[in-house]
Structure formats: structure tokens, C-alpha cells
Amino acid sequence: MKSQFLTALDVSLKTDKIWVLAKPLKYYSEMLDKTIEVPEGFETDFASVPRLPLVYTLWGNQTHREPILHDWGYRKDSGLTFSQANKLFLEAMEATGKPFYIRYPMYYAVCACGYPSYHRLKIADMMKVYKKWYN
């Protein structure tokens, strides 16, 4: 089976920046050779793209399902390494047909800047927006 989302995205807004999955999000990863199920109630801020004018214009609001997988992969109990979580994000963007000029800058950004967020939370933990420049 090829990498693909197996369910539609169903979220509700919790705060101005935090979204909650209303139904589980399922994705089959060819790289990991397994189906990932991000549980109902999982909290995300989608892609944390800085609100800098040119940066946000080019990469903000470009992905939704893919960063949920990435957020899940960064959780302590996901079982993924930092590298696997980042590659899962790239794989999902490729699977959904995001163009290279969207997926590669976003992938390299999480590789370069994502480590401080890696393993900060467990899957069931509530999310807090803690980076000032994303507000």
C-alpha cells in the first residue's frame, strides 16, 4: 500500500491557536510500514510557521493533516525518533501532492528548528502555545 491518509480531517477549534481532533486521523506510512492513528482529542496548532510576512505568505496555512502527524511523532510516547517524525512529515506532504517548494522548506525547517519541541509532551497532554513568534 502507498502512503496515504485513510480518514478525513475532522477538527474543532479550542482556542485561537489550538485545534482538537474530533475523530481519529489515520495514515498509512510506507516508510514505517504501519498505520498511524492519531487519537480523537489530540491537540495541535497545525504547522507552526512564524508570522513573518514573506515566510507566512509562502508557507503558512499550506498543510493541515501532515503537521498533525508531525506533532504526534514529536510526542514522548509516539515511539518515533526525531528523524523519523520529520521524515513522516515529508512523506505525508509528498503523499498529498504538496509541491517541492512547500514540502522541502517545511521539512528542513523542522529538522533545523524542531528539536526543542521534541519529546516535550505525551500524546494525551494538552498543548500550550509557548513560542512567542508564532502568535
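Now for a look at the structure at hand. (Residues numbered from 1 in each chain as written. Predicted model: local features only at pLDDT ≥ 70, side-chain atom pairs only at ≥ 80, totals over all residues. Heavy atoms only, no water.)

1. Description of the side chain of N86
Next up, step 1: Looking at the secondary structure, you find N86 in helix α3 (residues 82-95).
Next up, step 2: Within the structure, N86 has its side chain in polar contact with the side chain of H70 (distance 2.7 Å).
Next up, step 3: Excluding anything up to four places from it in sequence, N86 contacts H70, Y74, Y107, V110 and C111. (Helix = DSSP H or I, 4+ residues; strand = E, 2+ residues; numbered from the N terminus. Polar contact = N/O pair within 3.5 Å; in protein donor to acceptor, adjacent residues only side chain to side chain. Contact = heavy atoms within 4.5 Å.)

2. So, the packing of helix α2 (residues 65-74) against α3
Next up, step 1: Where α2 meets α3, the axes come as close as 9 Å, and the angle between the chain directions of the two elements is 170 degrees. One finds that α2 runs roughly antiparallel with respect to α3. When α2 is examined against α3, the residues E66, P67, L69, H70, G73 and Y74 are found in contact with a partner set consisting of F82, A85, N86, L88, F89, A92 and M93.
Next up, step 2: In the contact of α2 with α3, the residues fall into nine nonpolar, three polar and one charged. (Axes fitted to C-alpha atoms, helices over the stretch in contact; angles between N-to-C directions. Parallel < 35°, antiparallel > 145°, perpendicular 65-115°, else oblique. Nonpolar A, V, L, I, M, F, W, Y, C, P; charged D, E, K, R; others polar.)

3. Focus on the packing of aromatic side chains
Next up, step 1: All chains considered together, the criterion is met by nine aromatic pairs.
Next up, step 2: Three or more aromatic residues joined by ring pairs make a cluster, and in this case those are Y74, F82, Y115 and Y118.
Next up, step 3: A cation over a ring is seen here: R65 above F5, with NZ or CZ 4.5 Å from the ring centre. (Phe/Tyr/Trp six-rings, centres within 6.5 Å; stacked < 30°, edge-to-face > 60°. Lys NZ or Arg CZ within 6 Å of the ring centre and 35° of its normal.)

4. Side note on the state of the cysteines
Next up, step 1: Counted according to the given criterion, the structure contains zero disulfides.
Next up, step 2: Left without a disulfide partner, C111 is nearest to the cysteine sulfur of C113, which lies 9.8 Å away.
Next up, step 3: Residue C111 is classed as partly exposed on the basis of its relative accessible area, which comes to 30%. (Disulfide = S-S within 2.5 Å. Buried < 20%, exposed > 50% of the residue type's maximum accessible area, 1.4 Å probe, protein only.)

5. A look at the environment of P39
Next up, step 1: Within the secondary structure layout, P39 lies in the loop between β5 (34-38) and β6 (43-44).
Next up, step 2: Take P39: its relative accessible area is 30%, and that puts it in the partly exposed class.
Next up, step 3: Considered as a pair, P39 and L21 are 18 residues apart in the sequence and their alpha carbons are 7.3 Å apart.
Next up, step 4: When residues no more than four places from it in sequence are discounted, the contact partners of P39 are L21, P24, W72 and I123.

Without other data, these values stay purely geometric and don't point to any function.
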